[in-house]
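Per-entry structural report
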Amino acid sequence: MKKILYIVLLSSFFMNAQEHDTTRKWKLELGYTTDIINASFGKHYGFVFKAKRKLLESKKITLMAGAAYQNSFINEDENMFTDHVDGYTRDLSVVGLVDFSFYPFNKRRFYMSVQPFFGYTNLKSKGSLYIDHLGIYEKYKNSYSYFNYGMINSLGYTFNRVTITFDVWSSLKGIADSGRFRPGDFDSRLFFGMGVGYTL
C-alpha cells in the first residue's frame, strides 16, 4: 500500500511539474558585450539585458516579444590614435524586439534566433583634449540621441530553465532612412556577446 501511495504521489508531482513547465512565459537574458571593431579607441565593455514574453510555441518554433536595455562603455584613456585624449564614449539603448527562435533538432536544446529591434539610443562622449607642447587644454562633451533599429542574431543551448547564448547585435541605422550607413561605426554599432538566460 505504501509503495502504491508513493508511486501515486510521485506521478502527481511529475504531472504538476510538467504543467508548471508549460506555463512558463517569461525569459530573462543578461549578456556581456564587446566592440571588436572600435577596440582601437580604448578598452570596451558593456552588457545587454532582455526581458521577453512567449506568445506562440510549436515543436520547432517559438515566438516572443519584449524589450532590451543595452549599455556599452569605451575608455578612451588608451586610445591608439592619440595620446592627447582623456575621456570616454558611452552608448545606451532602450529598444523593443521580437524574437523568432528555431529549434532544428527534436530535443529542444539548441536553437537559432533572429530578433529585429527598434527604439531609442543615446551616444555620449565626454573628456578632455590636451597638447602640452602647444599649450592646448580643452574639455568636451557631446550627446547625440537617435532612433535606432537593427537585428540581434543568437545561438543558444538550453539546460532545463537556464540558457547559454552567443549574440551579435547589429545596428542597421542609415540603411532605410537615406542616412549614412557604415556598419560598426559609433552610431551603427556592432557588438559581440555571450550571456545566460533564465525562464520564469
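Every value quoted in this text rests on a predicted model; they were computed, and no experiment measured them.

1. Some details on empty space enclosed by the protein
Counted according to the given criterion, the structure contains 2 cavities of 30 Å³ or more. Forming the boundary of the largest cavity are 18 residues, of which Gly31, Thr33, Val48, Lys50 and Asp167 lie nearest the centre. The set of elements that each furnish at least two residues to the lining of the largest cavity consists of β1 (26–34), β2 (43–57), β7 (162–171) and β8 (190–199). Examining the composition of the lining of the largest cavity, we find that 6 residues originate from one element, β8, more than from any other. Grouping the constituent residues of the lining of the largest cavity by class yields 10 nonpolar, 5 polar and 3 charged.

2. Considerations on the packing of aromatic side chains
Ring pairs (aromatic) are described by centroid distance and by the angle formed between their planes. Tallied over the entire structure, the rule returns 10 aromatic pairs. When the ring of Phe73 is compared with that of Tyr88, the centres are 5.1 Å apart and the planes differ by 20°; the resulting orientation is stacked. Here Phe73 is found in strand β3 (residues 61–75), whereas its partner Tyr88 is found in strand β4 (residues 85–102), with 15 residues between them in sequence. Note on Phe105 and Phe110: the rings are 6.2 Å apart at their centroids and 45° apart in plane angle, and the pair reads as tilted.

3. Structural notes on the nonpolar core
Of all hydrophobic cores here, the largest spans 8 residues; its members are Val48, Ala68, Val95, Leu97, Phe117, Ile152, Trp169 and Phe191. Setting aside residues no more than four positions away along its own chain, Leu97 makes contact with Lys50, Lys52, Met64, Ala65, Gly66, Ala67, Ala68, Gln115, Pro116, Phe117 and Ile152.

4. A look at the side chain of Ser171
Structurally, the position occupied by Ser171 is in strand β7. Polar contacts involving the side chain of Ser171 include one to the side chain of Asn148, which spans 2.7 Å.

5. Some details on the pairing of β7
On a regular strand, one side chain projects to one face of the sheet and the next to the other, so that they alternate. With 10 bridges connecting them, strand β6 (residues 136–159) and β7 associate as antiparallel partners. Bridged to Tyr157 within β7 is Ile164. The loop that links β6 with its antiparallel partner β7 comprises 2 residues; one of these, Asn160, has a positive phi angle of about 55°. Two strands pair when backbone bridges link them, and β7 and β8 are joined in this way by 9 bridges, in the antiparallel orientation. Bridge pairing links Trp169 to Phe191 in β8.

6. Describing the confidence of the model for the chain
Per-residue pLDDT for the chain averages 81, and the proportion of residues at 70 or more is 76%. By mean pLDDT, the top-scoring element of the chain is β1 (95), and the lowest-scoring one is helix α1 (residues 2–22) (45).

7. Some details on the pattern of salt bridges
If you walk through the whole model with that rule in mind, you get 7 salt bridges. Here Lys50 ties to Asp167 by a salt bridge, and the two come within 3.9 Å at their closest N and O atoms. Note that Lys50 is positioned in strand β2 and Asp167 in strand β7, a separation of 117 residues in sequence. In this structure Asp167 comes out as buried when scored by relative accessible area, which is 15%. Among the ionic pairs, Arg108 bridges to Glu57, the shortest N-O distance being 2.8 Å. With Arg108 in the loop between β4 and β5 (110–131) and Glu57 in strand β2, the pair connects residues that are 51 residues apart, well separated along the chain. Judged by its relative accessible area of 46%, Glu57 is partly exposed.

8. Points about the pairing of β3
The sheet contact formed by β2 and β3 spans 14 bridges and is antiparallel. When the sheet's bridge partners are listed, Leu56 is paired in β3 with Leu63. The turn joining β2 and β3, which pair antiparallel and follow one another in sequence, is formed by 3 residues. Bridge analysis of β3 against β4 gives 15 bridges, and the strand direction is antiparallel. Within β4, the residue paired with Ala65 across the bridge is Val98.

9. Overview of the sheet that holds β8
Pairing between the strands of a sheet comes from backbone hydrogen bonds, and it takes one of two forms, parallel or antiparallel. Strand order around the closed barrel formed by 8 strands is β1-β2-β3-β4-β5-β6-β7-β8, with antiparallel pairing between neighbours. The mean angle between the axes of side-by-side strands here comes to 20°, regardless of whether they run parallel or antiparallel. The pairing of β4 with β5 spans 16 bridges and is antiparallel. Counted as the bridge partner of Phe102 is Met112 from β5.

Calculation criteria
- Residues numbered from 1 in each chain as written.
- Predicted model: local features only at pLDDT ≥ 70, side-chain atom pairs only at ≥ 80, totals over all residues.
- Heavy atoms only, no water.
- 1 Å grid on protein atoms, 1.4 Å probe; cavity = no way out; pocket = protein on both sides within 12 Å on 5 of 7 lines; lining within 4 Å.
- Points joined across faces, edges and corners; volume = space filled by probe spheres on them.
- Helix = DSSP H or I, 4+ residues; strand = E, 2+ residues; numbered from the N terminus.
- Nonpolar A, V, L, I, M, F, W, Y, C, P; charged D, E, K, R; others polar.
- Phe/Tyr/Trp six-rings, centres within 6.5 Å; stacked < 30°, edge-to-face > 60°.
- Core = buried A, V, L, I, M, F, W, Y, C linked by side-chain atoms within 4.5 Å.
- Buried < 20%, exposed > 50% of the residue type's maximum accessible area, 1.4 Å probe, protein only.
- Contact = heavy atoms within 4.5 Å.
- Polar contact = N/O pair within 3.5 Å; in protein donor to acceptor, adjacent residues only side chain to side chain.
- Pairing = 2+ DSSP bridges.
- pLDDT = per-residue confidence, 0-100.
- Salt bridge = Lys/Arg side-chain N within 4 Å of Asp/Glu carboxyl O.
- Axes fitted to C-alpha atoms, helices over the stretch in contact; angles between N-to-C directions.

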